[in-house]
Amino acid sequence: MRSEGRLFRSSLRLFGALYVGLLVGLPVGSVVYRALAPGIPSAWRAVTTPAGVHALVLTLEETAVAVALNTVFGVGIALVLARHRFPGASVLEMLVDLPLSISPVVVGLAILLCYSSTEGWLGPWLATHGVHVLFAFPGIVMASAFVSLPYVVREVTPVLVELGDEQEQAASTLGAGPWTVFWRITLPSIRWGLAYGVLLTTARILGEFGAISVVSGDIIGHTQTLTQFVDTDLTNFDPAGAYAGALLLGLISMMVLTALSFSRSKEKRSI
Amino acid sequence: MTSATDAAASARVTHRVARAGRVLRRAPGPSLAAIYLSFLVLVPLAAVFSNAFTGGPRVLWAEITEKETFAALRLSLLCSLAVVVVNAFAGTAIAWLLVRDRFVLNRAIGAIVDLPFALPTVIAGVTLLSLYGPNSPLHVDLAFSRYAILVALAFVTLPFAVRSVQPVLEELDAETEEAAATLGASPWTVFSRITLPSLMPALLTGAGLGFARAVGEYGSVVILSGNVPFKTEVASVRIFALIGNDDLPGAAATSLALFAIAIVVLSITALVRRHYLPAEDT
């Protein structure tokens, strides 16, 4: 029986190491190797082309705006879900989770059909007022905000429910206004859950590709994000640029991931 | 006369605006949340829905059963199901290693198992292409074959499988398992009789999330699969091609079908999951 247990254990170990190694470890290792094989200076040159730099800046801008939107509205929606009882709460909850089960390409199509200035529902009206959503910055932000909508809400709502509202009520009986209550009581209690949600949102937006490909028009040096830069280099048979861009984006994601595990450990400790 | 009706109309508008203002002031949170979600999610999705139905149900059905579209939808469904099943087994095994086993390599496994979740899907595609593509150092060239789709989907959904099972396994008492083992149960009996039933709800949740992600996956598959119609073209790639051909009703119809597939599979996993949840009274 003992040897049978040991056999079971070692075959599981072998399987786990092989599966994760062949599926994740080795491929990631090989892309890092290929990006750096020509030397760091040439990898640096491959991503610091004008198109590359523009893509990086656009990606950071788009991420900043969409993360800010989803943080503010995400906390708002979480407060509504946790603190208000109203008809349609479950519909709201379902709506928030919806982006998780919709293909990014479909998200892009939805924004196109609604906001295209030629065939969209609201697009023509917006266009007469000088607002162009498609093939422009607002469309990219919308696509990013759509796909990353659930994360802040899903992380913050359970924390708020667990917390209860006794402290908030106590503060407001003592004369604190709603904003004071929010800044002094609510926000400090949800900060690690919120941080985790914001980081998940950031990771999701940095890597978004399908939805943005549909709405951005992928115009090099104008509406091209980093993920599209990598894809373009790959299809143009410029693997050096693709690998270097992949490494750059991968490194940014790694930093987000490290921050994620840090905030998860903080969140666990604070509960 | 006209000025009188104008005045009445403008009074009505003012009244309506004032009423909307009152609603907003009384419940600013719910109203703002509703407005944000409407313009970001609800109205755009309604546009897809309405576009899919512009020609009536018969045209919608014809769009979905168009040969190339249907092949793409079927490929997405079958590949996602296969990958979810494989990852349910692999994910459970890996979660078990992370929780119950002490072995040097396990720390490394734990460190990289979240990578697919943090890595952008395009990078996932580039990453897999560099190892399993035409210039593969292992001499395994999967590019432009159906295996490429399976590998890409397995890569992006691995964390769902592992991370949904892991916390439940951590909560689970190892004592019951040890007691069964002392009484002579083989490791497999212990696992299938004691561990697995408690893991089933989490396993199914992870499988549902993984399926929803896999069936609509675009970035990693588009790079690796070659997108050959009838062979390696998945549903999301087909939708992208239809948008590119300016066939928006076709794209909307395919999107609707894809969404329906995701909802049906998620509902089935939810139903099966309920079966495994402990009954409350007994």
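This is a predicted model, so every value here is computed, not measured. Here, residues in each chain are numbered from 1, in the same order as that chain's written sequence. Each chain gets a letter, beginning with A, and each ligand a number, beginning with 1, in the order they are written. Totals for whole chains, interfaces and linings use every residue, but because this is a predicted model, local features are given only for residues with pLDDT of at least 70 and side-chain atom pairs only at 80 or more, for both listing and counting.

**Some points on the overall build of chain A**
Then, number 1: In this description a helix means any DSSP run of H or I spanning at least four residues, a strand means any run of E spanning at least two, and both kinds are numbered starting from the N terminus. Assigned secondary structure in chain A consists of 13 helices and 0 strands.
Then, number 2: Overall, chain A is about 75 × 65 × 35 Å in size when its C-alpha atoms are taken along their principal axes.
Then, number 3: Residues with at least 20 neighbouring C-beta atoms inside 10 Å of their own are called buried, those with 12 or fewer are called exposed, and the rest are partly exposed, where every C-beta is derived from the backbone. Looking at chain A residue by residue over its 271 residues, the buried ones come to 46%.
Then, number 4: Contacts spanning at least 24 positions in sequence make up 74% of the contacts within chain A whose residues lie at least 6 apart. By definition, residues are in contact whenever their C-beta atoms, placed on the basis of the backbone, come within 7 Å of each other.

**Here we look at the overall build of chain B**
Then, number 1: Counting its secondary structure elements, chain B contains 13 helices and 0 strands.
Then, number 2: Counting from the amino terminus, helix and strand elements in chain B follow one another as α-α-α-α-α-α-α-α-α-α-α-α-α.
Then, number 3: In chain B, the share of contacts with a sequence separation of at least 24, taken over all contacts with a separation of at least 6, comes to 77%.

**Section: the domain arrangement of chain B**
Residue and element names in this part refer to chain B.
Then, number 1: Note: domain ranges come from an automatic or database domain assignment. When the domains of chain B are assigned, the result is domain 1 (2–52) and domain 2 (59–276).
Then, number 2: Computed over C-alpha atoms only, the centres of domain 1 and domain 2 are separated by 41 Å.
Then, number 3: Of the residues belonging to the side of domain 1 that touches domain 2, the class tally is 3 nonpolar, 1 polar and no charged. Gly falls in the polar group here, along with every residue not listed as nonpolar (Ala, Val, Leu, Ile, Met, Phe, Trp, Tyr, Cys, Pro) or charged (Asp, Glu, Lys, Arg).

**Focus on the domain arrangement of chain A**
The figure often quoted for interface size is the accessible area lost as the parts come together.
Residue and element names in this part refer to chain A.
Then, number 1: Examined at the domain level, chain A breaks down into domain 1 (1–37) and domain 2 (40–270).
Then, number 2: Each of domain 1 and domain 2 has a C-alpha centre, and these two points are 33 Å apart.
Then, number 3: At the interface, 5 residues of domain 1 touch 6 residues of domain 2.
Then, number 4: For the side of domain 1 that touches domain 2, a count of residues per class yields 4 nonpolar, no polar and 1 charged.

**A word on the interface of chain B and chain A**
Then, number 1: Across the contact, 64 residues belong to chain B and 67 residues belong to chain A.
Then, number 2: Ranked by the residues each element gives to the side of chain B that touches chain A, the list is headed by helix α2 (residues 28–52) of chain B, at 15 residues.

**Considering the nonpolar core**
Then, number 1: Nonpolar cores are identified as sets of buried Ala, Val, Leu, Ile, Met, Phe, Trp, Tyr and Cys residues joined via C-beta atoms within 7 Å. Among the nonpolar cores identified, the biggest contains 163 residues, and Leu-109 of chain A together with Val-126 and Ala-152 of chain B are the most heavily contacted of them.
Then, number 2: Per-element accounting of this core gives the leading share, 15 residues, to helix α4 (residues 67–100) of chain B.
Then, number 3: With residues up to four places along the chain from it excluded, the contact list for Leu-109 of chain A reads Val-214 of chain A together with Val-48, Ile-239, Ile-243, Ala-251, Ala-252 and Ser-255 of chain B.

**Considering the environment of Ala-34 of chain B**
All names here are of chain B.
Then, number 1: Turning to its location among the elements, Ala-34 is positioned in helix α2.
Then, number 2: Residue Ala-34 is classed as partly exposed on the basis of its 17 C-beta neighbours within 10 Å.
Then, number 3: Taking the C-alpha atoms as reference points, Ala-34 and Leu-248, separated by 214 residues in sequence, lie 28 Å from one another.

**Digging into the confidence of the model for chain B**
Then, number 1: Confidence per residue, as judged by the predictor, is encoded in pLDDT with a range of 0 to 100. For chain B, per-residue confidence averages 86 on the pLDDT scale, and residues scoring 70 or more make up 89% of the total.
Then, number 2: Per-element averaging of pLDDT across chain B places helix α1 (residues 2–26) of chain B at the bottom with 63 and α4 of chain B at the top with 94.

**What about the packing of helix α3 (residues 50–83) of chain A against helix α8 (residues 149–163) of chain A?**
Residues and elements named next belong to chain A.
Then, number 1: Running from N to C, α3 and α8 point in directions that differ by 40°, and their axes come no closer than 8 Å. Judged on the interaxial angle alone, α8 and α3 are oblique. Two packed elements cross with a definite hand, and for α3 against α8 that hand is right-handed. Contact with α3, carried on its side by Asn-70, Thr-71, Gly-74, Val-75, Ile-77, Ala-78, Leu-79, Leu-81 and Ala-82, involves Leu-149, Val-152, Val-153, Val-156, Thr-157, Leu-160 and Val-161 of α8 and no other residues of that element.
Then, number 2: Residues that form the contact of α3 with α8 fall into these classes: 12 nonpolar, 4 polar and no charged. For helices, the fitted line uses only the C-alpha atoms of the stretch in contact; every axis is such a line through C-alpha atoms, and the angle between N-to-C directions lies from 0 to 180 degrees. Angles are sorted into four bins: roughly parallel if under 35 degrees, roughly antiparallel if over 145, roughly perpendicular if 65 to 115, and oblique for all others. Helix crossings fall into two classes, left-handed where the near helix is turned counterclockwise from the far one by less than a right angle and right-handed where it is turned clockwise.

**With respect to the packing of helix α9 (residues 174–182) of chain B against helix α10 (residues 187–215) of chain B**
Residue and element names in this part refer to chain B.
Then, number 1: Contact geometry for α9 and α10: axes closest at 10 Å, N-to-C directions at 145°. The two elements α9 and α10 meet at a crossing, and its hand is right-handed. The segment α9 lies against α10, with Thr-176, Glu-177, Ala-180 and Ala-181 engaging Val-190, Ile-194 and Thr-195.
Then, number 2: Of the residues that constitute the contact of α9 with α10, the class distribution is 4 nonpolar, 2 polar and 1 charged.

**Describing helix α2 (residues 40–47) of chain A**
All names here are of chain A.
Then, number 1: Of all the residues in α2, the buried ones are Ala-43, Ala-46 and Val-47. Here the buried residues of α2 occupy an arc of 90° about the axis, which is enough to place them on one side. Away from the buried face of α2 by more than 90 degrees, exposed residues Pro-41 and Trp-44 are located. Directions drawn from the helix axis to the C-beta atoms are what define this arc.

**Thoughts on helix α5 (residues 104–115) of chain A**
Each α-helix winds once per 3.6 residues, and so residues spaced three or four apart point in a common direction.
Then, number 1: The span expected for a helix works out to 1.5 Å for each residue beyond the first. Under the 1.5 Å per step criterion, the end-to-end length of α5 of chain A is 16 Å for 12 residues, consistent within 8% with the ideal 16 Å.
Then, number 2: Of the positions making up α5 of chain A, those classed as buried are Pro-104, Val-105, Val-106, Val-107, Gly-108, Leu-109, Ala-110, Ile-111, Leu-112, Leu-113, Cys-114 and Tyr-115 of chain A.

**Here we look at the environment of Val-99 of chain B**
Residues and elements named next belong to chain B.
Then, number 1: The topology assignment puts Val-99 in helix α4.
Then, number 2: With 18 C-beta atoms counted inside 10 Å, the residue Val-99 sits in the partly exposed group.
Then, number 3: Along the primary structure Val-99 and Thr-189 are separated by 90 residues, whereas in three dimensions their C-alpha atoms are 19 Å apart.
Then, number 4: Setting aside residues up to four positions removed in sequence, Val-99 forms contacts with Gln-166, Leu-169 and Glu-170.

**A look at unusual backbone geometry**
Then, number 1: The backbone of Phe-135 of chain A shows a phi angle near 55°, a positive value even though the residue is not glycine.
Then, number 2: Tracing the sequence through the fold places Phe-135 of chain A in the loop between α6 (123–128) and α7 (137–147).
Then, number 3: A tally of 16 C-beta atoms within 10 Å means that Phe-135 of chain A is categorised as partly exposed.
Then, number 4: Even without being glycine, His-139 of chain B reaches a positive phi, approximately 60°.

**Brief notes about the environment of Pro-137 of chain B**
Then, number 1: Positionally, Pro-137 of chain B belongs in the loop between α7 (121–132) and α8 (146–171).
Then, number 2: Linking Pro-137 of chain B and Asn-87 of chain B, residues 50 residues apart in sequence, is a C-alpha distance of 25 Å.

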